[in-house]
Amino acid sequence: MIDVRRMQVLRAVITSGSVTAAAAHLGYTPSAISQQIAALEKEAGMALLERVGRGVRPTEAGLLLTRYTAVISKHLAEAETALADLRAGREGRLTVRYFASVGPTLLAPALARVRGEHPAVAIDPRLADPDDAVAEVSRGDADVALVVRPPADAPRRGLQVVHLLDDPYRAVLPAGHPLAPKRVLDLTDLAGEPWVRSEPPGPCLAPVTDACAAAGFSPDFAATSQDYATAQGFVAAGLGVSLVPRLGLSARHPGVAVRRVRHPEPVRAIHAVIRAGSLEQPVLRTLLDAFRESAGAGRATPEAEGHVGSRTRNSS
């Protein structure tokens, strides 16, 4: 393998016309330059310079290597510029894998901030199963996976888990339900009600069933939904009550009332899974900062009680 640095030394000797001039230009001693040329000739298997008076001139092989050195040096300079742009967040690609309920309220405003601060970066957000999303990050096919249940073996897989926010669940009732006038419900208030399951079994349903178990009952699921919009529609139709995480209530059904729950309050924790060491990328740091900003804005937003346009009594 021919050493590129020695090729650059050869080019300096040929363009300057002598070993001494090249040494002065590169900051080496003439002896060091001669050693580099001798090593390069050994690698090439051919003489690269010949003496002419007090100077040197290239052989045919020396000229050939010099032409390629010019091309290589140009590409190296371009690579260094591209790396500098990537380090500074001026170019690159950001690939994000997410689950549905974080899209409108958490992901969308965060990506808008990234695009505003890093307009040359291509953004690729894609809905994905959380297990598949984590696998993509582990393989290097994605930069970020948003998940509720991070992998327990994350450090062993070279992954880093960043906690973004805690997303509390809210009780969703038919607008005319007898419990609707209460601003805050004890979870046991819902023990005797038929329930609408708003999640398939998995990490987002577990906080609901675990909280109910802690309150001393198991919910009686009379209807099953795979998404929060349908769950709200089932509740509005009177099929039962439900618990839906706050981020899943960005689109509120007009026929439901939404109330806080306590004793206990179910909460799902949302995390970002990234590759260990990737936080040195400015674009990724911007994205995580934007996630936290979106999460803070969501917590600061007063939650409407009841459906749009309704008036409720303040009681507990």
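See the structure above.
Draft legend 1. Looking closely at the overall build of the protein chain. A tally of regular secondary structure across the protein chain gives 9 helices and 12 strands. Out of the 316 residues belonging to the protein chain, those deemed buried represent 42%. The contacts of the protein chain with a sequence gap of at least 6 include a subset with a gap of at least 24, amounting to 76%.

Draft legend 2. Fine view of the packing of aromatic side chains. Taken as a whole and assessed by the stated rule, the structure comprises 2 aromatic pairs. Ring centres 6.3 Å apart and planes at 90° place the aromatic pair Trp 195 and Phe 221 in the edge-to-face group. Remark: Phe 221 occurs in strand β9 (residues 220-224) and Trp 195 occurs in strand β8 (residues 194-197); sequence separation between them is 26 residues. Classification of Trp 195 as buried rests on a relative accessible area of 1%. Joined through ring pairs, the aromatic side chains of Trp 195, Phe 217 and Phe 221 make up one cluster.

Draft legend 3. A look at the pairing of strand β5 (residues 144-147). Here β5 shows a buried face lined by Val 144 and Leu 146 and a second buried face lined by Ala 145 and Val 147. Judged from the 2 bridges that link them, strand β3 (residues 92-98) and β5 form a sheet pairing that is parallel. Looking at the pairing, Val 96 lines up with Val 144 of β5. In terms of strand pairing, β5 meets strand β12 (residues 267-275) through 3 bridges, oriented antiparallel. The residue bridging Val 147 from the neighbouring strand is His 271, located in β12.

Draft legend 4. Spatial organisation of the pattern of salt bridges. Tallied over the full model, the rule gives 18 salt bridges. The shortest N-O distance in the salt bridge between Arg 170 and Glu 265 comes to 3.0 Å. One end of the pair, Arg 170, is in strand β6 (residues 159-174); the other, Glu 265, is in the loop between β11 (256-262) and β12, with 95 residues separating them in the sequence. One network of salt bridges, in which partners are shared, links Arg 93, Arg 97, Asp 124, Arg 126 and Glu 136.

Draft legend 5. Just the environment of Ala 47, in detail. Note that Ala 47 resides in the loop between α3 (30-44) and β1 (49-52). Along the chain, Ala 47 and Ala 61 lie 14 residues apart, while their C-alpha atoms are 7.2 Å from each other. Setting aside its immediate chain neighbours within four residues, Ala 47 contacts Glu 41, Thr 59 and Ala 61.

Draft legend 6. Structural view of the side chain of His 271. As for its placement among the helices and strands, His 271 is situated in strand β12. Within the local environment of His 271, its side chain forms a polar contact with the backbone oxygen of Ala 269, the two atoms lying 3.4 Å apart.

Draft legend 7. Geometry of helix α7 (residues 206-215). Buried within α7 we find Ala 206, Pro 207, Val 208, Ala 211, Cys 212 and Ala 215. In this structure, the buried side of α7 is in contact with β6, β8, β10 (242-245) and β12.

Draft legend 8. Local environment of the pairing of β10. Burial of the side chains of β10 extends over both faces: Ser 242 and Val 244 are buried on one face and Leu 243 and Pro 245 on the other. As paired elements, β6 and β10 share 4 bridges and run antiparallel to each other. The partner of Val 172 across the bridge, within β10, is Ser 242.

Draft legend 9. Just unusual backbone geometry, in detail. The amide bond that connects His 263 to the next residue, Pro 264, takes the cis arrangement and shows omega of -5°. Note that Pro 264 resides in the loop between β11 and β12. Look at His 263: it is not a glycine, yet its phi comes out positive at around 55°. Mapped onto the fold, His 263 is located in the loop between β11 and β12.

Draft legend 10. Region of interest: the packing of helix α1 (residues 4-16) against helix α2 (residues 19-26). Here α1 crosses α2 at 120°, and the two axes come no closer than 8 Å. Judged by the angle between their axes, α1 and α2 are oblique. Once α1 is placed against α2, the crossing between them reads as right-handed. Only Val 19, Ala 21, Ala 22 and Leu 26 of α2 make contact with α1, whose side of the interface consists of Val 9, Ala 12, Val 13 and Ser 16. Per-class residue counts for the contact of α1 with α2 are 7 nonpolar, 1 polar and no charged.

Quick notes on the rules
- Residues numbered from 1 in each chain as written.
- Predicted model: local features only at pLDDT ≥ 70, side-chain atom pairs only at ≥ 80, totals over all residues.
- Heavy atoms only, no water.
- Helix = DSSP H or I, 4+ residues; strand = E, 2+ residues; numbered from the N terminus.
- Buried < 20%, exposed > 50% of the residue type's maximum accessible area, 1.4 Å probe, protein only.
- Contact = heavy atoms within 4.5 Å.
- Phe/Tyr/Trp six-rings, centres within 6.5 Å; stacked < 30°, edge-to-face > 60°.
- Pairing = 2+ DSSP bridges.
- Salt bridge = Lys/Arg side-chain N within 4 Å of Asp/Glu carboxyl O.
- Polar contact = N/O pair within 3.5 Å; in protein donor to acceptor, adjacent residues only side chain to side chain.
- Axes fitted to C-alpha atoms, helices over the stretch in contact; angles between N-to-C directions.
- Parallel < 35°, antiparallel > 145°, perpendicular 65-115°, else oblique.
- Left-handed = near helix turned anticlockwise from the far one by under 90°.
- Nonpolar A, V, L, I, M, F, W, Y, C, P; charged D, E, K, R; others polar.

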